[in-house]
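# Architecture at a glance
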Amino acid sequence: MVTTPARATIAPTCSIADPPAGALAARPTNQPECYRPVQPSIGFLVSTIEGRYGSTIRAFRHLLFLLPALLYIIRVTAPWRSYPDEPTTYGARKPRGVTSNGQISLLTRIRWFCLFVVMLAQSVIATGQPPAQAQDSAGYAPTSSCLGCHAEQAKSWRDSDHDWAMRPADENSVLGDFSGARFAEGGVEARFLRKGKEFFVHTEGEDGKPANFRVLYTFGHYPLQQYLVALSGGRLQALTVAWDNRAKAEGGQRWFSLYPGQRFAPNDPLHWTGRYQNWNAMCADCHSTNLLKNYDDKTDSFASTWHEQNVGCQGCHGPGQAHVDWAAKNKQRVSQASAKSFGLQVDFKAIGSQGLVEQCSYCHSRRQSLGLGQQPGKPLLDAALPATLRAGIYHPDGQIDGEAYEYGSFTQSKMFAAGVSCIDCHDPHSTRVKVEGNGLCLQCHQEQPPARFPSLQAKRYDSPEHHHHERGSAGAQCVNCHMPSKTYMVIDPRRDHSFRRPRPDLADKTASPDACTTCHQEKSPAWAAKTI
């Protein structure tokens, strides 16, 4: 099969940040790569305890909100609710709010009933709020504002990976089989149901008992789609049984587990109700525009908000209300000196190719967020700390190993240093590659290279003399030698973006995979090195 560069796919649910301290070191090797082993530490122990006993801890915290009111109500109502004049038993002075005949006054009872209601309300509020549209615009315009003037771009964006990043679960967005389909593997059981316009999964909950859980949102669309369920504390949780949306001939159109053959107990952080499958903390800020987690550490709850539910125009261009206001005053198209002069926060021309790469990298990188959310138009380091080249994330030669996404490998490449950016290969609105097959690379790698890249050697690259394979074969495809892929989340292959030359002669020294013997598995690196 002739392969082409993979689209710049947003990972359907794995954490784009480094894994939380406390990812269990003994996890099997076929788990999603975002859960990497860490060394034991105080943080490890705390996170593990919270992950295993989170429900109990949350219930205890909520009880504390009610405790003062409950204790006083017991004091003034339980069995000594009357106060006869017996100084030796109750003291010479009756409690405040006690009538002359020793009974609790009606006004006092009303006061403490109101206090109980208030404390109960605080307890409920403290458990968080379901994720929703932010009430404060913060300079962001309504999503539909862009469509009138930018219809062509909106048409290209529609049904892109960014458009599908997160959608309400309905008959148009749900791709999986919810007609009563059953899944059973390794002790994990689930049944997928539809009741009218609503979608449900019947599976084991956080209390260990099977129940129906309503699916509120879809996550991603290809090659797999995940589903989000709301639990207490403002949490959305990602089911670990996902829908394989590939064609049936490719093994798709089925339910499958992201942890094949494994079952996690309800108190395990990797259970679908656990901390490591939590949408708010693990994946939300790259599937929605200007997502703010709004985590309350006192109650272990969220009140997360977004300004666009999926990755919309303002996810890349920044807050757009100022631009909408400018457009309303300037009905005719005019030439402007910069994007900022007509109300756009991100000026892609001004920030240059490497600045543009950093705009994409907040989501397309393995990184640790600084907790500020997206920072459109600003350097990546203003919003996040990218993962360094270290074992478990990268191979010794710099190739991707763990779920590193694109930024870390691309910034190692000569192409990045020469000024190539994401949009030289990918359409920024459709997210697809601009040309399929070798034609994508031949835009620049040809006998007459663009003047923009004076250091690029003029050569006939798409020839057997260069790729050493029969024309049209898999080995003749540029990406299979210079962008080898690795599969994550069981069925999602993603390509390395460091654009390396195959070096089978270094395979023994670095213990890194080489593109040649990845295909020619019956051969040795020494054979490959001699051949090329």
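Computed from a prediction, not measured in an experiment: that's the story for all the values here. (Residues numbered from 1 in each chain as written. Predicted model: local features only at pLDDT ≥ 70, side-chain atom pairs only at ≥ 80, totals over all residues. Heavy atoms only, no water.)

Our focus in this paragraph is the pattern of salt bridges. The full count for this structure, using the stated rule, is 15 salt bridges. The salt bridge involving Arg167 is made with Asp159; its shortest N-O contact spans 3.3 Å. Given a relative accessible area of 40%, Asp159 falls into the partly exposed group. Notably, a salt bridge pairs Glu171 with Arg194, separated by 3.4 Å at the nearest N-O pair. Here Glu171, found in the loop between β2 (166–168) and β3 (181–185), pairs with Arg194, found in strand β4 (residues 188–195); they are 23 residues apart in sequence, far enough to count as distant. Arg194 sits in the partly exposed class, given a relative accessible area of 40%. Look at the salt bridges and you will find they share partners, linking Asp159, Asp163 and Arg167 into a network. (Salt bridge = Lys/Arg side-chain N within 4 Å of Asp/Glu carboxyl O. Buried < 20%, exposed > 50% of the residue type's maximum accessible area, 1.4 Å probe, protein only. Helix = DSSP H or I, 4+ residues; strand = E, 2+ residues; numbered from the N terminus.)

Before going further, it helps to spend a moment on the side chain of His467. For His467, the location among the structural elements is in helix α11 (residues 464–467). Once residues within four sequence positions are removed from consideration, His467 is found in contact with Tyr461, Asp462, Gly475 and Ala476. (Contact = heavy atoms within 4.5 Å.)

Turning to the environment of Ser156, a few remarks are in order. Relative to the helices and strands, Ser156 resides in helix α4 (residues 151–157). Separated by 271 residues in the primary sequence, Ser156 and Asp427 place their C-alpha atoms 8.9 Å from one another. For Ser156, the residues in contact, after removing those within four places along its chain, are Asp427, His429 and Ser430. One polar contact links the side chain of Ser156 to the main-chain amide nitrogen of Ser430, over a distance of 3.4 Å. (Polar contact = N/O pair within 3.5 Å; in protein donor to acceptor, adjacent residues only side chain to side chain.)

Another point: the pairing of β3. Bridge count for β3 against β4 is five bridges, and the pairing is antiparallel. Within β4, the position partnered with Ala184 by the bridge is Glu189. The hairpin formed by β3 and β4 contains two residues between the paired strands, and Gly186 there has a positive phi angle of roughly 60°. (Pairing = 2+ DSSP bridges.)

Another aspect to go through is a nonpolar patch on the surface. Nonpolar side chains collect at one region of the surface, where Leu370, Leu372, Leu381 and Leu385 lie side by side and expose about 380 Å² of accessible area between them. Mapped onto the elements, Leu385 comes out in strand β15 (residues 384–386). (Patch = residues over 30% accessible without salt bridge, like charges linked within 9 Å, V, L, I, M, F, W, Y side chains within 5 Å. Areas by Shrake-Rupley, 256 points an atom, 1.4 Å probe, with all protein chains shown as cover.)

Time to look at the packing of aromatic side chains. Counting across every chain of the model gives 15 aromatic pairs. With a centroid separation of 5.1 Å and 80° between ring planes, the pair formed by Phe213 and Trp272 is classed as edge-to-face. Of this pair, Phe213 sits in strand β6 (residues 210–219) while Trp272 sits in the loop between β10 (254–257) and α5 (279–282), and the two are 59 residues apart along the sequence. The buried category is assigned to Phe213, whose relative accessible area is 15%. Where Tyr295 meets Phe302, the ring centres are 4.9 Å apart and the plane angle is 45°; that geometry is what we call tilted. The class of Tyr295 is partly exposed, set by a relative accessible area of 39%. (Phe/Tyr/Trp six-rings, centres within 6.5 Å; stacked < 30°, edge-to-face > 60°.)

If you look at the biggest cluster of nonpolar residues, it comprises 19 residues, and the most contacted ones within it are Phe178, Phe192, Tyr227, Val229 and Trp255. Mapped onto this core, the elements with two or more residues apiece are β3, β4, β5 (198–204), β6, β7 (224–231) and β9 (241–244). Examining the composition of this core, we find that three residues originate from one element, β7, more than from any other. Core analysis: the second largest hydrophobic core is formed by 16 residues, Leu258, Phe264, Tyr488 and Met489 among them. (Core = buried A, V, L, I, M, F, W, Y, C linked by side-chain atoms within 4.5 Å.)

What follows covers helix α8 (residues 348–361). Between its first and last C-alpha atoms α8 spans 14 Å; for 14 residues at 1.5 Å apiece the expected length is 20 Å, and the helix comes up short by more than 12%. All of the buried residues in α8 are Gly355, Leu356, Val357, Gln359 and Ser361. Buried-residue contacts for α8 involve α9 (407–410) and α10 (414–418). Where α8 begins, one side-chain oxygen reaches toward the backbone nitrogen of Lys349, 3.3 Å away; that side chain belongs to Asp347. (Expected span 1.5 Å × (residues − 1).)

Backbone torsion omega between Tyr222 and Pro223 reads 5°, so that peptide bond is classified as cis. Locating Pro223 in the fold gives a position in the loop between β6 and β7. Unlike most non-glycine residues, Tyr405 shows phi in positive territory, near 65°. Along the chain, Tyr405 falls in the loop between β15 and α9. On the accessibility criterion, Tyr405 (6% relative accessible area) is buried. Unusually for a residue other than glycine, His468 sits at a positive phi of about 60°. Examined against the element boundaries, His468 turns out to sit in the loop between α11 and α12 (478–482).

Turning to the environment of Gly180, a few remarks are in order. In this structure, Gly180 sits in the loop between β2 and β3. Separated by 21 residues in sequence, Gly180 and Val201 have C-alpha atoms that sit 9.2 Å apart. Non-local contacts of Gly180, meaning those with residues more than four positions away in its chain, are made with Arg191, Phe192 and Leu193.

Glancing now at the side chain of Ser430. Note on placement: Ser430 falls in the loop between α10 and α11. Accessibility expressed as a relative area gives 9% for Ser430, which makes it buried. Once residues lying within four places of it in the same chain are set aside, the contact partners of Ser430 are Ser156, Ser160 and Asp161.

In this section: the pairing of β4. Bridge analysis of β4 against β5 gives six bridges, and the strand direction is antiparallel. Note that in β5 the partner of Arg194 across the bridge is Phe199.

So, to be careful, I would describe these as geometric facts and stop short of saying anything about function.
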